[in-house]
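Residue-level structure breakdown
One letter stands for each residue in the lines below.
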Amino acid sequence: MGKRIGFIDAMRGLAMLLVVIGHVLYFSVCHLDNAIMRILSDEVEVPLFFMVSGFLVNIPKSGFWKFLGKKAFLLFVPAAVFMALYVWMEGSNYISAWIDSYKGGYWFTFSLFQFVAVYAVLKLVSQAMKLSRISEKVFLVAVSVVILYASVWCLREEHNYAVIPLLGLVHFKSFIYFVVGTQIAECGLLGRGLSSKEVTNGGA
């Protein structure tokens, strides 16, 4: 394990604190249409969490499927198991929980796995196209913007197509924050003199 990076841990801690505050407000004094709730959740908590996750992702140049399988085991499987337990304890319908954008509250972990998988595929495409470093960054940002607009369309059409909530496509509007995090890390803006291994393991 590399050494922990203090300011990354601090950002994670801040994001977690904001999530707790946001949920307390939501379930007590506020509601979804409240402006403070929207700003806290959509403009601060979620972007910060996904950006920090982007800081820490490290796509290997080989062993793609092994990497993806490991991420599935660490992210997707636990979320599916705990969602199943939650649904069972609540006496809800498991199928209905899957066909819901928020997956019983576990949407973030599912989305994070999807973001890692999509980003890894985009990196493979970039390598296959033999893009330069700058061209790759432009390519990743451009695709992220397209995904952002597609996600906004999905948000409007969510009730018309069951596949949209099933795959949580409305949350892909946050994919651009994840990509920004990866690019900040790749540019070395996290801190000069830190190895990629230290950055990857620092917040683990």
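Let us look at the structure shown here. (Residues numbered from 1 in each chain as written. Predicted model: local features only at pLDDT ≥ 70, side-chain atom pairs only at ≥ 80, totals over all residues. Heavy atoms only, no water.)

1. Some remarks on unusual backbone geometry
Going by this rule: Runs of E in the DSSP output that reach at least two residues are strands. Runs of H or I that reach at least four are helices, and both are numbered from the N terminus.
The phi dihedral of Lys103 falls on the positive side, at around 45 degrees, and the residue is not glycine. Despite not being glycine, Lys130 has its phi angle at roughly 55 degrees, a positive value. Take Lys130: it is sitting in the loop between α5 (107–129) and α6 (133–157).

2. Here we look at the pattern of salt bridges
To keep things clear, this is the line we draw: By definition, a salt bridge exists where a carboxyl oxygen of Asp or Glu is found within 4 Å of a side-chain nitrogen of Lys or Arg. Each residue gets one of three labels from its accessible area relative to the maximum for its type: buried under 20%, exposed over 50%, partly exposed in between, using a 1.4 Å probe on protein chains only.
Considering all chains together, one arrives at three salt bridges under this definition. The closest approach of N and O atoms between Glu136 and Lys123, which form a salt bridge, is 3.0 Å. Within this pair, whereas Glu136 is found in helix α6, its partner Lys123 is found in helix α5, the two being separated by 13 residues in sequence. Look at Glu136 and you get buried, because its relative accessible area is 11%. Of the charged contacts in the structure, one is a salt bridge between Glu186 and Lys123, with a shortest N-O distance of 3.1 Å. Of the two residues, Glu186 is situated in helix α8 (residues 175–186) and Lys123 in helix α5; the sequence distance between them amounts to 63 residues.

3. Some thoughts on the environment of Leu112
Note the threshold: Here, two residues are considered to be in contact whenever any of their heavy atoms come within 4.5 Å of each other.
As for its placement among the helices and strands, Leu112 is situated in helix α5. We classify Leu112 as buried; its relative accessible area is 11%. Along the chain, Leu112 and Gly54 lie 58 residues apart, while their C-alpha atoms are 9.4 Å from each other. Contact partners of Leu112, with chain neighbours within four places excluded, come to Phe50, Ser53, Leu75 and Phe178.

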